[in-house]
Amino acid sequence: MLELDISGLEMRFPGLDAPVLAIDRLHLPSGGRLAITGASGSGKSTLVNAVTGLETATSGTVSWGGTDITRLPVGRRDAFRAAHIGLVMQDFHLFPGLSAFENVVLPVRLARRLTPAERERALFLLETTGIARPDQHIETLSRGEMQRVAVARALLSKPGVIVADEPTASLDRKTGEEVADLLVRLSREEKATLVVVTHDPALTERLDRRIALDGGRIVEDSGEKRAA
Ligand SMILES: Nc1ncnc2c1ncn2[C@@H]1O[C@H](COP(=O)(O)OP(=O)(O)OP(=O)(O)O)[C@@H](O)[C@H]1O
């Protein structure tokens, strides 16, 4: 589990006078579960890109467990993300032509040989996420099952943080609720801090805290509530 500390964060883009994101301070304790909400264009994806290090902050600090990722050169930031942050995206980012198991282990396989322990963990995670047939081709799975595979993949390297960007947006209500339950259950069981961008009230209400962005600033903050 890693705690998040953001301080004086600004993200600016060329040609725009105002910063797209301006966050004076945000602290999320390790194991916290945060929902980021806000209208389209309010800066949610930009915040996700900043906390995952996918984009470089213009100024300020984004610290995970004491490591300020804005200070890391791009290669080390990418390595930090691979080791510590599990990403789940709205449209899954799975690879057709591969099985569920092959999709879960693909990020590791692209870097190096899979260890026997990782193979075991991939199978365990697929079982935990309710995928009965690890060898089933990904394109034949339902959308809910695909998102479960993406959750299993995000957890393979035992990340201290799970960051999910609209993970239920392309799912029907029932399937979305199942994926929401899965994310909350697994973040607890795997002892990961959870950060989720979502418009989905069913997902927001399962998390400990909600912030709302407007014009790149935090305009609402529910504060911490005790984890259920
Ligand atoms: N690379 C960029 N260059 C210029 N402007 C950008 C860039 N990326 C984002 N923006 C602008 O920053 C603002 C915030 O965008 P962002 O994608 O973070 O919003 P969002 O809240 O995630 O929206 P949505 O819910 O529609 O995905 C928008 O006005 C967008 O046009």
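Residues numbered from 1 in each chain as written. Predicted model: local features only at pLDDT ≥ 70, side-chain atom pairs only at ≥ 80, totals over all residues.

Caption draft 1: Local environment of helix H4 (residues 116–128). For H4, which comprises 13 residues, the first-to-last C-alpha distance of 18 Å matches the rise-based estimate of 18 Å (1.5 Å per residue) to within 8%. Of the surrounding secondary structure, the elements contacted by the buried residues of H4 are helix H3 (100–111) and helix H5 (143–155). The positive-phi residue at the C-terminal boundary of H4 is Gly130, with phi of around 85°. (Helix = DSSP H or I, 4+ residues; strand = E, 2+ residues; numbered from the N terminus. Expected span 1.5 Å × (residues − 1). Contact = placed C-beta atoms within 7 Å.)

Caption draft 2: Focus on the site of the ligand. In the vicinity of the ligand, the residues found are Phe13, Leu16, Val20, Gly38, Ser40, Gly41, Ser42, Gly43, Lys44, Ser45 and Thr46. Counting residues per element, the shell around the ligand draws most heavily on helix H1 (residues 44–52), at three residues. Along the lines of polarity and charge, the residues of the shell around the ligand split into three nonpolar, seven polar and one charged. (Near = placed C-beta within 6 Å. Nonpolar A, V, L, I, M, F, W, Y, C, P; charged D, E, K, R; others polar.)

Caption draft 3: Spatial organisation of the pairing of strand S9 (residues 209–214). Two strands pair when backbone bridges link them, and strand S3 (residues 33–38) and S9 are joined in this way by five bridges, in the parallel orientation. Of the residues in S9, the one forming a bridge with Ala35 is Arg210. Alignment of S9 against strand S10 (residues 217–221), held across four bridges, turns out to be antiparallel. In the strand pairing of S10, Asp214 is matched with Arg217. Between S9 and S10, which pair antiparallel in sequence order, lie two residues; one of them, Gly215, sits at a positive phi of approximately 55°. (Pairing = 2+ DSSP bridges.)

Caption draft 4: Focus on the sheet that holds strand S2 (residues 21–28). Strand order across the open sheet formed by four strands is S2-S1-S4-S5, with antiparallel pairing between neighbours. Looking at which strands have only one partner, the edges of the open sheet turn out to be S2 and strand S5 (67–68). Across seven bridges, strand S1 (residues 4–11) lies against S2 in antiparallel orientation. By the bridge assignment, Asp5 is partnered in S2 with His27. Across the sheet, H1 touches S1, S2 and strand S4 (59–64), and the angle it forms with S1 is around 120°. (Axes fitted to C-alpha atoms, helices over the stretch in contact; angles between N-to-C directions.)

Caption draft 5: Highlighting the nonpolar core. In terms of nonpolar packing, the biggest core is built from 59 residues, with Leu34, Ile36, Val104, Val149, Ile162, Val163 and Val196 touching the most fellow members. Of the residues forming this core, the biggest block, seven residues, is contributed by H5. Among residues more than four places away in sequence, those in contact with Val149 are Leu94, Ala100, Asn103, Val104, Ile131, Ile138 and Leu141. (Core = buried A, V, L, I, M, F, W, Y, C linked by C-beta atoms within 7 Å. Buried ≥ 20, exposed ≤ 12 C-beta atoms within 10 Å, placed from the backbone.)

Caption draft 6: Local environment of the sheet that holds strand S7 (residues 161–165). If you walk across this open sheet you meet the six strands as S6-S7-S8-S3-S9-S10, and the pairing is mixed. In the strand order of this sheet, the two ends are held by strand S6 (85–89) and S10, each with one partner. Each neighbouring strand pair of the sheet contributes to a mean axis angle of 20°, computed without reference to strand direction. Pairing analysis gives five bridges linking S6 to S7, with the strands arranged parallel. Pairing of Val88 across the sheet is with Ala164, part of S7. Here H1 sits on the sheet in contact with S3, S6, S7, strand S8 (193–197) and S9, set at roughly 155° to S7. Packed on one face of the sheet, helix H6 (residues 173–189) meets S3, S7 and S8 and runs near 165° to S7.

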